[in-house]
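# Observations on the model geometry
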Amino acid sequence: ENIIQNRSTMKTTILLSVFMVTMSSYELHHSEIDSKQKLGLQMLDALRQSSSDAFSAAIPTLEEFHRLMEQIQFLYGENLQMAKADLEQQYHESVLPAIRRSFRNVISQGQKAAIDWSNIKLVSVEVGAEPRADFDVLPVTIVFASKKEQYRIQIDKALVIGGQWRISQFMRLEKLIPR
């Protein structure tokens, strides 16, 4: 059973790596329409409500991943439907639970830090680089204020899919220290 799980994890890792390499060769055609700002607002709205439902708006959808797979279907050949089914299983069993767990951890850390989630305000959304393609993985930092303190949610591997920024499970909450 452990061997099957390791093969499945390896298959998912290889699949996502192929996505990144292949999609980085496509030009970015979609307007970002300040999608990173939208991501910051969606995140803060979900935190204000402590709502997984509101948080879902910032999560990459299975349909977005399927569209990416269809764009590079030449890599899958006759195995596209099987690859989609494998991805769907991984998405529901691993990806979504990990993202939701990460969201709950941010809420919990904020409560321990006495953050009043109902009164948070967006300060900025910062990215190290602009996306190079329709699919990219980049760090993003969402800076917000609570009372007179500033905090950031660091998302180490935010996804950009079709020009839209999406969160991943690789996020953490940190208090900003004034300079």
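Everything below is about the structure shown above.
This text gives an overview of the structure that appears in the document. (Residues numbered from 1 in each chain as written. Predicted model: local features only at pLDDT ≥ 70, side-chain atom pairs only at ≥ 80, totals over all residues. Heavy atoms only, no water.)

## Re the environment of Val 106
Relative to the assigned elements, Val 106 resides in helix α5 (residues 80–112). Residues Val 106 and Leu 173, spaced 67 residues apart in sequence, show a C-alpha to C-alpha distance of 5.8 Å. In this structure, Val 106 is in contact with Leu 47, Trp 117, Ile 153, Met 171 and Leu 173, ignoring residues within four places of it in sequence. (Helix = DSSP H or I, 4+ residues; strand = E, 2+ residues; numbered from the N terminus. Contact = heavy atoms within 4.5 Å.)

## Description of unusual backbone geometry
Even without glycine at this site, Ser 50 takes up a positive phi of about 45 degrees. A relative accessible area of 40% means that Ser 50 is categorised as partly exposed. Phi is positive for Ala 114, close to 65 degrees, though the residue is something other than glycine. By the element assignment, Ala 114 lies in the loop between α5 and β1 (121–127). (Buried < 20%, exposed > 50% of the residue type's maximum accessible area, 1.4 Å probe, protein only.)

## Considering the packing of aromatic side chains
Under the criterion given, the structure shown has four aromatic pairs. Summarising the aromatic geometry, the rings of Trp 117 and Phe 144 are spaced 5.7 Å apart at their centres and angled 35 degrees between planes, so their arrangement reads as tilted. With a gap of 27 residues between them, Trp 117 in the loop between α5 and β1 and Phe 144 in strand β2 (residues 135–146) connect regions that are remote in the sequence. Neither Trp 117 nor Phe 144 differs from the other in exposure class; each is buried. A centroid spacing of 5.7 Å and a plane angle of 20 degrees characterise the contact between Phe 144 and Tyr 151, whose relative ring orientation is stacked. For the pair Phe 144 and Tyr 151, a shared accessibility class is recorded, and that class is buried. Chaining the aromatic ring pairs together yields one cluster made of Trp 117, Phe 144 and Tyr 151. The aromatic ring of Phe 170 is capped on one face by Lys 157, whose charged end is 4.7 Å from the ring centroid. (Phe/Tyr/Trp six-rings, centres within 6.5 Å; stacked < 30°, edge-to-face > 60°. Lys NZ or Arg CZ within 6 Å of the ring centre and 35° of its normal.)

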